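Spelled out from the first residue to the last, the chains are:
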Amino acid sequence: MSWGTELWDQFDNLEKHTQWGIDILEKYIKFVKERTEIELSYAKQLRNLSKKYQPKKNSKEEEEYRYTACKAFLSTLNEMNDYAGQHEVISENMTSQITMELARYVQELKQERKSHFHDGRKAQQHIETCWKQLESTKRRFERDCKEADRAQQYFEKMDADINVTKADVEKARQQAQTRHQMAEDSKGEYSSILQKFNHEQHEYYHTHIPNIFQKIQEMEERRIVRIGESVKTYAELDRQVIPIIGKCLDGIVKAAESIDPKNDSQLVIEAYKSGFEPPGDIEFEDYTQPMKRTVSDNSLSNSRGEGKSELKFGGKSKGKLWPFIKKNKLSLKLGATPEDFSNLPPEQRRKKLQQRVDELNKEIQKEMDQRDAITKMKDVYLKNPQMGDPASLDQKLAEVSQNIEKLRLEAQKFEAWLAEVEGRLPARSEQARRQSGMYDVQNPQAVNNCAQDRESPDGSYTEEQSQESEVKVLATDFDDEFEDEEPLPAIGTCKALYTFEGQNEGTISVVEGETLYVIEEDKGDGWTRIRRNEDEEGYVPTSYVEVYLDKNAKGAKTYI
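Residues numbered from 1 in each chain as written. Predicted model: local features only at pLDDT ≥ 70, side-chain atom pairs only at ≥ 80, totals over all residues. Heavy atoms only, no water.

Student: So what exactly am I meant to see when it comes to the packing of aromatic side chains here?
Tutor: The description of an aromatic ring pair uses the distance of the two centres, along with the angle that the planes make with each other. Applying the stated criterion across every chain, the model contains 13 aromatic pairs. Look at F31 and Y234: their rings are 5.7 Å apart centre to centre, the planes differ by 40°, and that puts the pair in the tilted class. Residue F31 is found in helix α2 (residues 11-52), and its partner Y234 is found in helix α5 (residues 166-257); the two are separated by 203 residues along the sequence. Exposure remark for F31: the relative accessible area of 42% places this residue in the partly exposed category. Under the relative-accessibility criterion, Y234 is labelled buried at 18%. Three or more aromatic residues joined by ring pairs form one cluster here, namely Y498, F500, W527 and Y544. Across the ring face of Y67, the terminal group of R66 is positioned such that the distance to the ring centre comes to 5.6 Å. Positioned above the aromatic ring of Y105 is the side chain of R226, whose terminal nitrogen or guanidinium carbon lies 4.7 Å from the ring centre. (Phe/Tyr/Trp six-rings, centres within 6.5 Å; stacked < 30°, edge-to-face > 60°. Helix = DSSP H or I, 4+ residues; strand = E, 2+ residues; numbered from the N terminus. Buried < 20%, exposed > 50% of the residue type's maximum accessible area, 1.4 Å probe, protein only. Lys NZ or Arg CZ within 6 Å of the ring centre and 35° of its normal.)

Quick look at the structure:
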């Protein structure tokens, strides 16, 4: 089965068919290209979705991911990120192994097709030229034969006419002979051209055209095979990522199986356990007795109006009333969290102090490792002076030693507070608590007012009737039913002059040129407190930002 023998007269149709084949190939290339774009878009959307629900650094959300259910969700987000990566791999492989390869093949195919049909047209033009030459020779032979016949008839007529001279008859005879000779010559030429044309026509239909059409057939079959291979590759590229996608899904299933409700319940206990004992029973107060009624240690009837009774029994009853007394929001408004976490219940305070002690010990160990490294380097310089000057390391060594001493003092301070909570040391006086730096963030007037308040077991201050007149002005902004700390108001804006990576707790990362809100001005320690949105706030170096304070909001600085 050959196109050269079966389709010898279908040159134009074969030309259309091969062009249609190239169009089909280009259509398939376009289909794969659009598939790669869809894969990339899908992968991008999956990555954005995973990023959107990732916990924010240095935020409350990060603490929530201690729970196994939240850890499973975080694992799902991470696995979806890897899942998206596999779709990117599909897109890249399809682009390199199908789209680009077929695009190059199409160009080669077009050149080959053009060459074959050029040869076919050239053969057609040659046979057409031979045919025209044959027709021209044939017409000349026909014309010469007619001229010779007319000359012969004229000669016979002249020869039969007795009135014509002998010379005229001889002339007509010679003319007839000449015409006959020309006819014979035309006949010979026509015969020769006819034989040549028949030979060329045989070669055209039995050699040239079959060869050209055979090459076109082979070219078309290669195109069909190439499309089949590309379709197979298309499926294989999808199949290659199935094992990895399966592992991603297995990871999600494993994360789901790791959810432990009992463990999460225990974490809730650890997070919110106060360490206090529940209040005891309220004793019966017998009003029938003539004697002055006594107030039990656990009585709830100890009102603020009973000033004398408060002075006598308040110290004892106050320790029992704490679960039923609202926290004084004045302590929330006057400043940030105290350094010794005295605003927290004992158990939570102990955990925070222990956490801080562990962090300081890690920092001390890090500085000690650095000191050891510098010491070793100094010894190397002493033994090999050509490697460096030992004296150049003295300043760095002194700085590290100072840092270690500062961190040790800081650690001792927190260890003392921790020992106090755990009952190994007696509770410090109010004056000692002030010296610890608890009130450093508050203004002097507020400290004087708060120092007179009596402290409840959870570390918050209870409101006293005798001080209502003093705290009334500052407390008017609070709702009586609002228990949580209100966000600080913005006192201006700032623009980041440089990029800052906030890696320590309490700091926030900013990008050069970014505009943020200022909620606390530099207090002289070189740090400014800023906010990006409701959930992201922290400190940045003052030298890294340019601050624009709002004149109308300066009054708010008094309680920041």
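After that view, the rundown keeps rolling.
Student: For this particular structure, what's the right way to read α5?
Tutor: Residues lying three or four places apart along an α-helix face the same way, a consequence of the helix completing one turn every 3.6 residues. Helix length check: α5 (92 residues) gives 133 Å between terminal C-alpha atoms against 136 Å at 1.5 Å per residue, within 8%. In the structure, α5 departs most strongly from a straight axis at Y204, where the bend amounts to approximately 45°. (Expected span 1.5 Å × (residues − 1). Bend = angle between axes of the 7 residues up to and from the residue.)

Student: In this structure, what is going on with the nonpolar core? I would like to understand it.
Tutor: Across soluble globular proteins, nonpolar side chains show a tendency to be buried alongside one another. Ranked by internal contacts, the top residues of the largest apolar core, which has 39 residues, are L25, M94, I98, F213 and I216. Listing elements by their share of this core, those giving two or more residues are α2, α4 (68-160) and α5. At 15 residues, the largest contribution of residues to this core is made by α4. Sequence-distant contacts of I98, defined by excluding residues within four places in its chain, comprise Y28, V32, N93, S230, T233, Y234 and L237. In terms of nonpolar packing, the next biggest core, distinct from the first, is built from eleven residues, F500, V510, L516 and V518 among them. (Core = buried A, V, L, I, M, F, W, Y, C linked by side-chain atoms within 4.5 Å. Contact = heavy atoms within 4.5 Å.)

Student: Can you help me understand the pattern of salt bridges in this one?
Tutor: Side-chain pairs of opposite charge can arise where the charged atoms are in close proximity. Counted according to the given criterion, the structure contains 24 salt bridges. Here E26 makes a salt bridge to K110, at a shortest N to O gap of 2.8 Å. Placement of E26 in helix α2 and of K110 in helix α4 is noted, with a sequence separation of 84 residues between them. E26 gets classed as partly exposed once you look at its relative accessible area, which sits at 30%. Bridged by salt links that share partners, the residues E520, R529, R531 and E537 form one connected network. (Salt bridge = Lys/Arg side-chain N within 4 Å of Asp/Glu carboxyl O.)

Student: I keep staring at the sheet that holds strand β1 (residues 492-496) and nothing clicks. Help me out?
Tutor: Remark on secondary structure: sheet strands pair via backbone hydrogen bonds, oriented parallel or antiparallel. Across the sheet, five strands lie side by side as β4-β3-β2-β1-β5; this open sheet has antiparallel pairing. The strands lining the two open edges of the sheet, one partner per strand, are β4 (537-541) and β5 (545-549). Across the sheet, the axes of successive neighbouring strands diverge by a mean angle of 40°, strand direction being ignored. Direction of pairing for β1 relative to strand β2 (residues 515-520): antiparallel, over a ladder of four bridges. When the sheet's bridge partners are listed, T493 is paired in β2 with Y517. (Pairing = 2+ DSSP bridges. Axes fitted to C-alpha atoms, helices over the stretch in contact; angles between N-to-C directions.)

Student: Before we go on, may I ask you to explain the packing of helix α9 (residues 346-383) against helix α10 (residues 394-422) in this structure?
Tutor: Relative orientation of the contacting elements α9 and α10 amounts to 160°, with a least axis distance of 9 Å. The angle between α9 and α10 places the two elements in the roughly antiparallel class. Between α9 and α10 the crossing geometry is left-handed. Broken down by class, the residue content of the contact of α9 with α10 amounts to 16 nonpolar, six polar and 14 charged. (Parallel < 35°, antiparallel > 145°, perpendicular 65-115°, else oblique. Left-handed = near helix turned anticlockwise from the far one by under 90°. Nonpolar A, V, L, I, M, F, W, Y, C, P; charged D, E, K, R; others polar.)

Student: What is the right way to read a negative patch on the surface from this model?
Tutor: The grouping of E62, E63, E64 and E505 at the surface amounts to a negative patch. Locating E63 in the fold gives a position in helix α3 (residues 60-64). The class for E63 is partly exposed, based on a relative accessible area of 49%. (Patch = residues over 30% accessible without salt bridge, like charges linked within 9 Å, V, L, I, M, F, W, Y side chains within 5 Å. Areas by Shrake-Rupley, 256 points an atom, 1.4 Å probe, with all protein chains shown as cover. Lys, Arg positive; Asp, Glu negative; His and termini not counted. Charge placed at Lys NZ, Arg CZ, Asp CG, Glu CD.)

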